[in-house]
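Structure at a glance
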Amino acid sequence: MRKIMAVYDEDPAYAQRLADYVNQKEKLPFAAMAFSSMDRLREYLEEHPAEILLVGERSAEEAERLEAKNVMILSEGEVVEEKEAGSSIYKYQSGSGIMREVMAAYCCSQPEPALSILAKRAVVMGVYSPVSRCGKSALALTLAQALGRNFSVLYMNLEEYSGFSRLVDGGYQKDLSDVLYLYRQGEFNWMRLKTMVYPWNGIDYIGPARYGEDLELVSAEEMAGLIGRIAGESGYERLVVDLGRCARGSMALLDACDVIYMPVREDPVSQAKIDEFEEYAALADDGRVREKIQKLHLP
């Protein structure tokens, strides 16, 4: 059963727009409800407990007397004093920005915020090739954006030097390094991951690891486990993963994918690399991974 996120603001249209955004765009285990008056909000909360209450700054004092587990103030100023009623969140920012702050505050207030989304597991679509300069990264991004027209998509990049921060103009503060830290510490859950997911061109993404060394510290089995957790708990329909170099010993990572798109080239050197990869896969795999690979000749 989804928990309630109640939204009240002195501007009823703002409250309704924010609630609509949460219900339509966000992958959260909450049902957002907008209220146009404090009296109606109070009456509702007397009968129905709310997990989160977002309330306008001018109603903060009244919110202290309402029945809600986590009260958060929608502030009209970016820098605000701490309110007794709860955390302060700047209201005049993007919906995704508001929800990242809401989830960060919610996770800090819970000893173990283990809520997950009841949904089908995402289809994991890996993009990998042993061939260099074959259009792999461009394919992964294009695939994610094309799928984003019809599905909810989360994009991940496992390369050491992805260049992705330049594409999005450095539009993220948390990245895969932070996600890996949580996962290896046993503190990962979807609610915490939600604070590290950002929107871009119709898809959501986790920023690539800021240091390549962070990727070297994680085994293929650990990364495969993380991908499985994200696919199973996040509520996305498609998870597109640029697998980077995907070195030897990483059959577990490839096997975490439901399908693997492999751009190839026909020159002798590229073909030799593909042959070596297939020889290795024949020795290291029982056939599952090879069945998932779809070779592509890109224009």
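In what follows, the structure referred to is the one given above.
Residues numbered from 1 in each chain as written. Predicted model: local features only at pLDDT ≥ 70, side-chain atom pairs only at ≥ 80, totals over all residues. Heavy atoms only, no water.

**Some remarks on the overall build of the protein chain**
Basically, it comes down to this: Each helix corresponds to a stretch of at least 4 residues labelled H or I by DSSP, and each strand to a stretch of at least 2 residues labelled E; elements are numbered beginning at the N terminus. Partly exposed describes any residue whose relative accessible area lies between the buried limit of under 20% and the exposed limit of over 50%, with all areas from a 1.4 Å probe on protein chains only and scaled to the type maximum. Methods summary: accessible areas were calculated by the Shrake-Rupley approach with a probe of 1.4 Å, and residue burial reflects only the protein chains presented. Charge assignment: positive for Lys and Arg, negative for Asp and Glu; neither His nor the chain ends contribute. By convention, the charge on Lys lies at NZ, on Arg at CZ, on Asp at CG and on Glu at CD.
Per the secondary structure count, the protein chain includes 13 helices and twelve strands. In terms of overall dimensions, the protein chain has C-alpha extents of about 75 × 35 × 30 Å along its principal axes. Burial statistics for the protein chain: of 299 residues in total, 51% are counted as buried. About 15,100 Å² of surface is accessible on the protein chain, with carbon and sulfur atoms providing 47% of the total. For the protein chain, the distance from the average site of its 34 positive side-chain charges to the average site of its 48 negative ones is 4 Å.

**Re the environment of Arg288**
With respect to the secondary-structure elements, Arg288 resides in helix α13 (residues 288–292). Residue Arg288 is classed as partly exposed on the basis of its relative accessible area, which comes to 43%. For the pair Arg288 and Asp255, spaced 33 residues apart in sequence, the C-alpha separation works out to 7.1 Å.

**So, helix α2 (residues 38–47)**
Formally: The arc refers to the directions leading from the helix axis to the C-beta atoms.
Inspection of α2 places Met38, Leu41, Tyr44 and Leu45 among the buried residues, and these make up the whole buried set. End-on view of α2: buried residues confined to an arc of 125°, all on one side of the axis. Facing away from the buried surface of α2 by more than 90 degrees, the exposed residues are Arg40, Glu43, Glu46 and Glu47.

**Points about helix α1 (residues 12–25)**
Put simply, the rule is: Expected span of a helix: the number of residues minus one, times 1.5 Å. Counting of polar contacts relies on pairs of N or O atoms within 3.5 Å, with two restrictions inside protein: one atom must be capable of donating a hydrogen and the other of accepting it, and residues adjacent in sequence are counted only when both atoms are side-chain atoms.
For α1, spanning 14 residues, the distance from its first C-alpha to its last is 20 Å, which sits close to the expected 20 Å at 1.5 Å a residue. Those residues of α1 lying buried are Tyr14, Ala15, Leu18, Ala19 and Val22. Buried residues of α1, viewed axially, fall in a sector of 130°; they line one side. What points out from α1, more than 90 degrees from its buried face, is the exposed set Arg17, Gln24 and Lys25. Where α1 begins, the capping side chain belongs to Asp11, and its oxygen is found 3.1 Å from the backbone nitrogen of Ala13.

**Section: the pattern of salt bridges**
The line we're drawing: Put simply, a salt bridge is a Lys or Arg side-chain nitrogen that is within 4 Å of an Asp or Glu carboxyl oxygen.
A full pass over the atoms with the stated rule returns 17 salt bridges. Lys91 serves as the salt-bridge partner of Asp9, at 2.8 Å between the closest nitrogen and oxygen. Residue Asp9 is found in the loop between β1 (3–8) and α1, and its partner Lys91 is found in the loop between β5 (87–90) and α4 (95–109); the two are separated by 82 residues along the sequence. In this structure, Asp9 and Lys91 share a single accessibility class: buried. For Arg58, the salt bridge is made with Glu76, and the minimal N-O distance between the two is 3.0 Å. Taken as a pair, Arg58 in the loop between β3 (50–56) and α3 (60–63) and Glu76 in the loop between β4 (68–75) and β5 lie far apart in primary sequence, 18 residues in all. Residue Glu76 is classed as partly exposed on the basis of its relative accessible area, which comes to 34%. In the salt-bridge network here, residues are joined through shared partners; they are Lys3, Glu51 and Lys69.

**Some points on the packing of aromatic side chains**
How two aromatic rings sit relative to each other is set out by the distance from centre to centre and by the angle between their planes. Our working definition: Classification of ring pairs rests on two measures: the distance between centres of Phe, Tyr or Trp rings, Trp counted by its six-membered ring, which must be within 6.5 Å, and the angle between planes, read as stacked under 30 degrees, edge-to-face over 60 and tilted in between.
Overall, the coordinates contain eleven aromatic pairs when judged by the stated rule. When the ring of Tyr155 is compared with that of Phe164, the centres are 5.5 Å apart and the planes differ by 35°; the resulting orientation is tilted. As far as burial versus exposure is concerned, Tyr155 and Phe164 are alike and both buried. The interplanar angle of 50° and the centroid separation of 6.3 Å between the aromatic rings of Tyr172 and Tyr198 together place this pair among those described as tilted. With a gap of 26 residues between them, Tyr172 in the loop between α6 (164–167) and α7 (176–184) and Tyr198 in strand β8 (residues 197–200) connect regions that are remote in the sequence.

**Some words on the nonpolar core**
The cut-off we apply is this: Only buried residues count toward a nonpolar core, which is a set of Ala, Val, Leu, Ile, Met, Phe, Trp, Tyr and Cys residues joined through side-chain atoms within 4.5 Å. Any two residues whose heavy atoms approach within 4.5 Å are treated as being in contact.
Judged by nonpolar contacts, the single largest core of 45 residues is most densely connected at Leu176, Ile206, Met223, Ile230, Leu239, Leu243 and Leu254. Secondary structure elements with two or more residues in this core: β7 (153–157), α7, α8 (190–193), α10 (220–233), β10 (238–242), α11 (251–255), β11 (259–263) and α12 (268–284). Looking at this core, the element that brings in the most residues is α10, giving six residues. Once you skip the residues sitting within four places of it in the chain, Ile230 turns out to touch Leu154, Met156, Phe188, Leu193, Ile206 and Leu239. Counting 23 residues, the second-largest nonpolar core is a separate cluster that includes Ala15, Leu28, Ile52 and Leu74.

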